[in-house]
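# Examination of the molecular architecture
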Amino acid sequence: MAKKTASRSAAKTAVKKKWTGLGAGAKKSSARKTIKSKGRVSAAKKSAPKTATKTAVKARPKQRVAISHHREEDFKADGLRAYAKYRDLGIAAASHGLAQAHVIRLQGPCNPDEVSKLHFHDVEFQMVYVLKGWVKTYMEGEGETLMQEGSAWTQPPRIRHMILDYSDDVELLEVILPAEFKTVELKA
């Protein structure tokens, strides 16, 4: 029994030495030392003056924390579509327009004459996740797809798409970059 205790103690000591930098494995490789000692800098950084580098990259304002709790009164009919209510999650304000996120409730029953309009959004990124119900969509290159609770999809920038049908209880989470964008309706 004493032998097992001694070997466990030795193993703990070895692990402790390794992670605290006291053991043999704590030495940095000579390649790493060489790179660090040479202080390599890319050619672009060497040739660009320091002031030009700072002005070339536009600084974004610091993002804030956004917390949003479910409240029925937060669903507003003030979004892109007249047949939908939107619950803003505060992401646009917190990210200073970098992104937008909202929960969308499509109002039932679905009226295909109103909703089935081919369009695209001039965005950098768009993702949709079905929280409740289902929605049937058409996306250029994909055709018709039934998205059900738990389904998620991305829509590449400017992809032509439309909603074909949806359940009366559908709720979608949508994330878009940037927060402000243009939607273009197309003639079918």
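Below is a short write-up of the structure. (Residues numbered from 1 in each chain as written. Predicted model: local features only at pLDDT ≥ 70, side-chain atom pairs only at ≥ 80, totals over all residues. Heavy atoms only, no water.)

## Examining the overall build of the protein chain
Rules: Numbering of helices and strands starts at the N terminus; helices are DSSP runs of H or I of at least 4 residues and strands are runs of E of at least 2. Accessible area is worked out with a 1.4 Å probe on protein chains only. A residue is then buried under 20% of its type maximum, exposed over 50%, and partly exposed in between. Should any heavy atoms of two residues lie within 4.5 Å, those residues are considered in contact. Accessible areas in this description were obtained via Shrake-Rupley with a 1.4 Å probe; residue shielding takes into account the shown protein chains only.
When you go through the protein chain residue by residue, the secondary structure sums to six helices and ten strands. Within the protein chain, the fraction of its 188 residues that count as buried is 25%. In the protein chain, 65% of the contacts between residues at least 6 apart in sequence involve partners at least 24 apart. Here the protein chain has roughly 13500 Å² of accessible surface; of this, 55% comes from carbon and sulfur atoms.

## Some thoughts on the side chain of His161
Basically, it comes down to this: Polar contacts, as counted here, are pairs of nitrogen or oxygen atoms within 3.5 Å of one another; within protein the pair requires one atom able to donate a hydrogen and one able to accept it, and residues that are adjacent in sequence qualify only if both atoms are side-chain atoms.
Following the sequence through the fold, His161 ends up in strand E8 (residues 161-166). Within the structure, the side chain of His161 is placed 3.0 Å from the backbone oxygen of Ile159, a separation counted as a polar contact.

## Observations concerning the nonpolar core
What counts is decided by this rule: Among buried residues, the Ala, Val, Leu, Ile, Met, Phe, Trp, Tyr and Cys ones that are joined through side-chain atoms within 4.5 Å form a nonpolar core.
Judged by nonpolar contacts, the single largest core of 18 residues is most densely connected at Leu106, Val135, Trp153, Ile163, Tyr166 and Leu172. At the level of secondary structure, the elements contributing two or more residues to this core comprise strand E1 (84-88), strand E2 (100-106), strand E4 (125-132), strand E5 (134-139) and E8. Excluding residues within four positions of it along the chain, Leu106 makes contact with Tyr83, Ala84, Val135, Ile163, Tyr166, Asp168, Val170 and Leu172.

## Here's the deal with the pattern of salt bridges
Rules: Throughout this description, the term salt bridge denotes a Lys or Arg side-chain nitrogen within 4 Å of a carboxyl oxygen of Asp or Glu.
Overall, the coordinates contain nine salt bridges when judged by the stated rule. A salt bridge links Arg71 to Glu73, with the shortest nitrogen-to-oxygen separation between them at 3.6 Å. Taking relative accessible area as the criterion, Arg71 reaches 42% and is therefore assigned partly exposed. For Arg105, the salt bridge identified is with Glu171, shortest N-O distance 2.6 Å. Separated by 66 residues along the polypeptide, Arg105 in strand E2 and Glu171 in strand E9 (residues 171-177) bring together distant segments of the chain. One connected set of salt bridges, linked through shared partners, spans Glu72, Arg105, Lys132 and Glu171.

## Some points on the side chain of Arg105
Since its relative accessible area comes to 18%, Arg105 is described here as buried. In this structure the side chain of Arg105 is engaged in a polar contact, spanning 2.8 Å, whose partner is the side chain of Glu72. The contacts of Arg105, once residues within four sequence positions are left out, are His70, Glu72, Phe75, Tyr83, Ala84, Lys85, Val170 and Glu171.

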